[in-house]
Amino acid sequence: MMATPDRNRPVVDGQMRQAALACIDKLMTRQDAGQTAASPLRALTHIASALAEDDTHDQVWIVDADKAAELLPNHGANRKKGAEPLPSAIATWFRATPSYERPLLYRLHSPTLRGVLTAGVEAMGMKAPHGGDVAGRGIFLNDAAVSSRDRQQRVRPELPLWLAAQPTWLPYDPASAQELQALLCAALDALYVRGESGFCYLSAHDEPSAGASPLSQKEASDAFRGMYRLRALPDTKPPYAIRLCGAGSALASVLEAARWLQLDWGVACEVWSCPSYTRLAREAAALEHMVLCGADVTGQTTHLSRCLASGHAPVLAVTGYARHIANQIGAFVPARFAALGSDDTGAGGKGRTVGVPGVAAMTGMPGDAPGVRWIVLNALRLLVNDGTLPRTRIADATRRYGLA
């Protein structure tokens, strides 16, 4: 799944596997870590605290430089060594006992690419047990803000673009506390139970996700593969239909836009949560490459194709990052497609996307995720371009929402 060509054979150490299973079991049985938290960031705090407890503190390495610095003045000889976060993954390079590799959870607070690169270098220096090659795996959880009024706290545009371009890194953007917990358990299973190599990156925003419920086993599996369905189209075959995809904090706006589209315009919406547009695009590109090379791919399909190939309704994909992140899947969607991102709102809130020139976007800071009105307007535009709705709907919507 995340293995590189020169390290594509899974390496599984029995003790490492048992340690990962203990962590997964702890998180699965402690459902309050995902249910009571109002955001992915708060879920992450619950999870870190749970894994630092007595029964699992010696089964996992938790790196958190900020938290470790806070504990230094209160460090006492009676504190359990394994229960404290490490200041750096470098501390694991020189381990003597235990010799086996543990799951690595690296907490980041960095909006810059430099911070992620530094953490990656630390993790790459970790040796596999018994004097083997570097382990080459780890789970990174970054709580830097996707959008913030303080530009210094906002994730820099180059960070998500770099993550999408690195084959050894697999980025996810969880929309809710429940998604983060499910994705973390799936990453532990892939890396430390099945022994795959690579780095799993999960963002953890601090925006509430009201009404979210724990994911079923199938939903969790589909989420780790890139997307899962939140809301299906009605069986009544509505005359106007569109499929909306959202990731991270942008999913809340997508769900609200679906409600507006139904109430204001009679447009039925199928809604998908897409924690990783990057994984969806990579899998689709890999299969396409095999076809171009003449390989026999009979019976092989991608997760993206299985999710979206059954209908012909247009697809609008939304992300809180730059539009390129959501646009990665565009070449592989078998329907009319458009993507929206934070770069679709310019100075003064002027919109400039999906062929709607001169229309003002929903009021917000430059770099914010697309607002509800902007999503609705672009969804209608897709339906107009698809020949489903009359073109007058665009003018009607701009007047109705005060976007003209």
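The structure under discussion appears in the preceding block.
A quick note: this is a predicted structure, and the numbers were derived from the prediction, not measured. (Residues numbered from 1 in each chain as written. Predicted model: local features only at pLDDT ≥ 70, side-chain atom pairs only at ≥ 80, totals over all residues. Heavy atoms only, no water.)

(A) Local environment of the sheet that holds strand β1 (residues 61-63). Spatial ordering of the open sheet is given by β1-β2-β3-β5-β4, a layout of 5 strands whose pairing is parallel. Single-partner strands in this sheet number two, and they are β1 and β4 (169-172). For this sheet, the mean inter-axis angle between neighbouring strands, taken without regard to orientation, is 20 degrees. Looking at chain direction, β1 and strand β2 (residues 104-108) are connected through 3 bridges and run parallel. Residue pairing for β2: Val-63 is matched across the bridge by Tyr-106. Packed on one face of the sheet, helix α5 (residues 113-124) meets β2, β3 (137-142), β4 and β5 (198-203) and runs near 160 degrees to β2. (Pairing = 2+ DSSP bridges. Helix = DSSP H or I, 4+ residues; strand = E, 2+ residues; numbered from the N terminus. Axes fitted to C-alpha atoms, helices over the stretch in contact; angles between N-to-C directions. Contact = heavy atoms within 4.5 Å.)

(B) Region of interest: the packing of helix α3 (residues 40-51) against helix α7 (residues 177-193). Interaxial distance between α3 and α7 falls to 7 Å at its minimum, and their mutual angle equals 50 degrees. Accordingly, the angle class assigned to the pair α3 and α7 is oblique. Pair α3 / α7 crosses with right-handed handedness. In this structure, α3 contributes Pro-40, Ala-43, Leu-44 and Ile-47 to the contact, and α7 contributes Ala-177, Leu-180, Gln-181 and Leu-184. Residue composition of the contact of α3 with α7, by class: 7 nonpolar, 1 polar and no charged. (Parallel < 35°, antiparallel > 145°, perpendicular 65-115°, else oblique. Left-handed = near helix turned anticlockwise from the far one by under 90°. Nonpolar A, V, L, I, M, F, W, Y, C, P; charged D, E, K, R; others polar.)

(C) Main features of the pattern of salt bridges. Within this structure, the stated rule accounts for 16 salt bridges. Put simply, Asp-264 and Arg-400 hold a salt bridge, and the shortest N to O gap is 3.3 Å. Placement of Asp-264 in helix α9 (residues 250-265) and of Arg-400 in helix α14 (residues 392-400) is noted, with a sequence separation of 136 residues between them. Classification of Arg-400 as exposed rests on a relative accessible area of 51%. Members of the salt-bridge network, linked through shared partners, are Lys-26, Glu-53 and Asp-55. (Salt bridge = Lys/Arg side-chain N within 4 Å of Asp/Glu carboxyl O. Buried < 20%, exposed > 50% of the residue type's maximum accessible area, 1.4 Å probe, protein only.)

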